[in-house]
Amino acid sequence: DTEVTQTPKHLVMGMTNKKSLKCEQHMGHRAMYWYKQKAKKPPELMFVYSYEKLSINESVPSRFSPECPNSSLLNLHLHALQPEDSALYLCASSHGTTGVNQPQHFGDGTRLSIL
Amino acid sequence: LAKTTQPISMDSYEGQEVNITCSHNNIATNDYITWYQQFPSQGPRFIIQGYKTKVTNEVASLFIPADRKSSTLSLPRVSLSDTAVYYCLALTGANNLFFGTGTRLTVIP
């Protein structure tokens, strides 16, 4: 079990669907992250929220839209995705503003498949 | 950015000590070296973090020489459950959250 909870664990969607991935942590962390991980590859940073404000967007296509409703929750809204977007989407959190010298705590991800 | 380089894969027998070395030639003054472990279909898990010399916790040791251009993760007496991918990162700030290729460790009975 992890302290970062991601739902759903698995998601299959068509290219015209709209869905959302959810992430929740109750460790009082103020930085939250979205990563994308393809099979046998390292995680790739997508977005960073610091104190509920978007601080980093790693040139992610607009079909991915992050949202941080409060300090415990992080969403990733999906729309008009492409088959190459199929991957494991990981959420993480850490103390303070960013990962500076502060280890990130990861959820176990949402396995996303685009038909 | 402090890019890290690790061996792609390693094999080890159960009960042996495993040392995984990471190179980070352009590490910045404020960078900390951080190691994560990842099992299939799970998120990475923090193992250990250090700045210089040696750090030890209940699962691993981290050795960092004086020039800090490399570091070595040491796993004592590995078991089959230690089979995983191990990532080395040099962390300093918001723009340095990049995982390297990782080392796939396979523990053999």
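Residues numbered from 1 in each chain as written. Chains lettered and ligands numbered in written order. Predicted model: local features only at pLDDT ≥ 70, side-chain atom pairs only at ≥ 80, totals over all residues. Heavy atoms only, no water.

Novice: Would you mind going over the confidence of the model for chain B with me for this structure?
Specialist: In low-pLDDT segments, the atomic positions of the prediction should not be examined closely. Scored by pLDDT, chain B comes out at a mean of 90, with 92% of its residues at no less than 70. For chain B, the element scoring lowest by mean pLDDT is strand 8 (residues 84-91) of chain B, at 90; strand 9 (residues 103-108) of chain B scores highest, at 98. (pLDDT = per-residue confidence, 0-100. Helix = DSSP H or I, 4+ residues; strand = E, 2+ residues; numbered from the N terminus.)

Novice: Help me understand the pattern of salt bridges, please; the structure alone is not making it clear to me.
Specialist: Residues and elements named next belong to chain A. Inspection of the entire model under this criterion finds four salt bridges over all chains. Residues glutamate 52 and arginine 30 are paired through a salt bridge, measuring 3.0 Å at the closest nitrogen-oxygen approach. Placement of the pair is glutamate 52 in the loop between strand 5 (44-50) and strand 6 (53-57) and arginine 30 in the loop between strand 3 (18-25) and strand 4 (31-37), with a sequence separation of 22 residues. We classify glutamate 52 as partly exposed; its relative accessible area is 33%. Several salt bridges share partner residues, and in doing so they unite Lys36, Arg63 and Asp85 into one network. (Salt bridge = Lys/Arg side-chain N within 4 Å of Asp/Glu carboxyl O. Buried < 20%, exposed > 50% of the residue type's maximum accessible area, 1.4 Å probe, protein only.)

Novice: Whenever I open this one, the sheet that holds strand 3 of chain A confuses me. Can you help?
Specialist: Strand pairing in a sheet relies on backbone hydrogen bonds, with the paired strands running either antiparallel or parallel. Residue and element names in this part refer to chain A. Strand order in the open sheet formed by four strands is 1-3-8-7, and the pairing between neighbours is antiparallel. With one partner strand each, in any of the chains shown, strand 1 (4-7) and strand 7 (64-70) form the two edges of the open sheet. Across this sheet, the average inter-strand angle for adjacent strands is 20°, counted without regard to direction. As paired strands, strand 7 and strand 8 (residues 73-79) are joined by five bridges and run antiparallel to one another. Within strand 8, the position partnered with serine 65 by the bridge is histidine 77. (Pairing = 2+ DSSP bridges. Axes fitted to C-alpha atoms, helices over the stretch in contact; angles between N-to-C directions.)

Novice: Hey, could you run me through the state of the cysteines in this one?
Specialist: A covalent bond between the sulfur atoms of two cysteines is what we call a disulfide. Evaluated as defined, the whole model comprises two disulfides over all chains. Here Cys23(A) connects covalently by a disulfide to Cys91(A), the sulfurs 1.9 Å from one another. Taking the torsion about the sulfur-sulfur bond, which here is approximately -70°, the covalent link between Cys23(A) and Cys91(A) counts as left-handed. Separated by 68 residues along the polypeptide, Cys23(A) in strand 3 and Cys91(A) in strand 9 (residues 87-94) bring together distant segments of the chain. On the accessibility criterion, Cys23(A) (1% relative accessible area) is buried. Of the residues examined, Cys91(A) reaches a relative accessible area of 0% and is grouped as buried. Disulfide pairing places Cys22(B) opposite Cys88(B) at an S-S distance of 2.2 Å. Across the S-S bond linking Cys22(B) and Cys88(B), the dihedral sits near -80°, which makes this disulfide left-handed. Remark: Cys88(B) occurs in strand 8 and Cys22(B) occurs in strand 2 (residues 18-23); sequence separation between them is 66 residues. Of the two residues, Cys22(B) and Cys88(B), both sit in the buried class. Free of any disulfide, Cys68(A) has its nearest cysteine sulfur in Cys91(A), 9.2 Å distant. (Disulfide = S-S within 2.5 Å.)

Novice: It is not clear to me how unusual backbone geometry should be interpreted in this structure. Could you clarify?
Specialist: At the junction of Thr7(A) and Pro8(A), the peptide bond is cis and its omega measures out at -10° in the coordinates. Take Pro8(A): it is sitting in the loop between strand 1 and strand 2 (10-13). A positive phi is found at Arg77(B), a non-glycine position, where the angle reads about 50°. By secondary structure assignment, the location of Arg77(B) is in the loop between strand 7 (70-75) and strand 8. Classification of Arg77(B) by relative accessible area gives exposed; the value is 65%.

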